[in-house]
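Descriptive analysis of the structure
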Amino acid sequence: MLAALALFGHAPGYLAGDNLYTLANPVAFQQPAKEMGWSLVLPYPQGHTGKQGSSGGAPLVEGQWCCPAMPESLVAATEDFRAKRIDLATYRARIKKRNDYFLRAKESADPGRAQRFMCPAAGASPTAKCLLKPHSTTPRLIHHVGTSQADLRPRISPDNELIAAPPMVCRQQTITIKATEGAKYRQELPFGGEEHTTIYYSLREAQEGMHGYAKNDAAEALHAKGRRRAHGLAQNSIQAAFLLACSGIRKVRSFLNEAVPDAKGILYKPVPNTRQRTPVSPGTETVTD
């Protein structure tokens, strides 16, 4: 399907799906989708949150490579929220605090290839302070016109185990992580953050809306088995394809009937103001086929 979209000139963007897509074989879905330029926006079902792997001592926490000293309260934020051990405000605060521990990309991502990352306290301009990276602990003043602001960078506190035996990510300035490592769960947007949640639910709602549109009993009635009196997967697939094509044509005609030109003459359909969904942790919704 994604290859067909490319043939018709559709530029890749954000791509969302339900829990079934998250649990897909990464060789069959996540990896090729990323290599084609799509940015995955996926949920994490129960049992797949928190730490999802590691590379060079850096844990993969809900799609992001992180500092190994990230507190357990931040690692388990989603699990605690879903179990109602913390409220929504606390969950949002912990998700935001995770940003202090995310590894930084040393170079631009090249789909399908390895990428170099550095810890927050590494590099010429560390964004955090950590005693395992002595250079990062040097006080820094941020100078503005006529004023100086104190060093407000967060302090990372490794435990005794990390200090005694620091992993590769703590010993080196950068580590190289292959594209295949953590491919099942890696995402560009931090999971649980406002941007990830907003884009995920916007795409899912549009998708579910199209499902309902194609199931309209007065039109294609895609869900009605009585409209497809045929046996076998092949015949049903062909009939479903025709019904979906019909619903697509009906959608285009409806748009053209209601669209108006903007200042540049580009047609768009005015969208009424609707109630915004309260951001929650994607992945708690029921999986449907």
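Reading the values: the criteria
- Residues numbered from 1 in each chain as written.
- Predicted model: local features only at pLDDT ≥ 70, side-chain atom pairs only at ≥ 80, totals over all residues.
- Heavy atoms only, no water.
- Pairing = 2+ DSSP bridges.
- Helix = DSSP H or I, 4+ residues; strand = E, 2+ residues; numbered from the N terminus.
- Buried < 20%, exposed > 50% of the residue type's maximum accessible area, 1.4 Å probe, protein only.
- Polar contact = N/O pair within 3.5 Å; in protein donor to acceptor, adjacent residues only side chain to side chain.
- Contact = heavy atoms within 4.5 Å.
- Expected span 1.5 Å × (residues − 1).

1. Looking at the pairing of strand S7 (residues 115-118)
Direction of pairing for strand S6 (residues 104-105) relative to S7: antiparallel, over a ladder of two bridges. Residue Ala-105 lies in a different strand from S7, and its bridge partner there is Phe-117. When S7 meets strand S10 (residues 175-177), the two strands line up antiparallel, connected through three bridges. Counterpart to Gln-115 in the pairing with S10 is Ile-177.

2. Some words on the sheet that holds S7
Spatial ordering of the open sheet is given by S6-S7-S10, a layout of three strands whose pairing is antiparallel. Bordering the open sheet on either side are S6 and S10, each of which pairs with just one other strand.

3. Some thoughts on the side chain of Thr-78
Note that Thr-78 resides in helix H5 (residues 77-82). Here Thr-78 falls in the buried class, since its relative accessible area comes to 0%. At a separation of 3.0 Å, a polar atom in the side chain of Thr-78 contacts the side chain of Tyr-91. Setting aside residues no more than four positions away along its own chain, Thr-78 makes contact with Thr-49, Glu-62, Tyr-91, Ile-95, Arg-98, Phe-191 and Ser-281.

4. A look at unusual backbone geometry
At Glu-62, a position not held by glycine, the phi torsion is positive, near 45°. Mapping Glu-62 onto the fold places it in the loop between strand S4 (58-61) and strand S5 (64-65).

5. Topic: helix H10 (residues 233-258)
Note: α-helices contain 3.6 residues per turn, so residues at a spacing of three or four share the same orientation. In this model H10 runs 37 Å from its N-terminal to its C-terminal C-alpha over 26 residues, within 8% of the 38 Å that 1.5 Å per residue would give. Looking at the packing, one finds that the buried side of H10 touches helix H9 (194-214).

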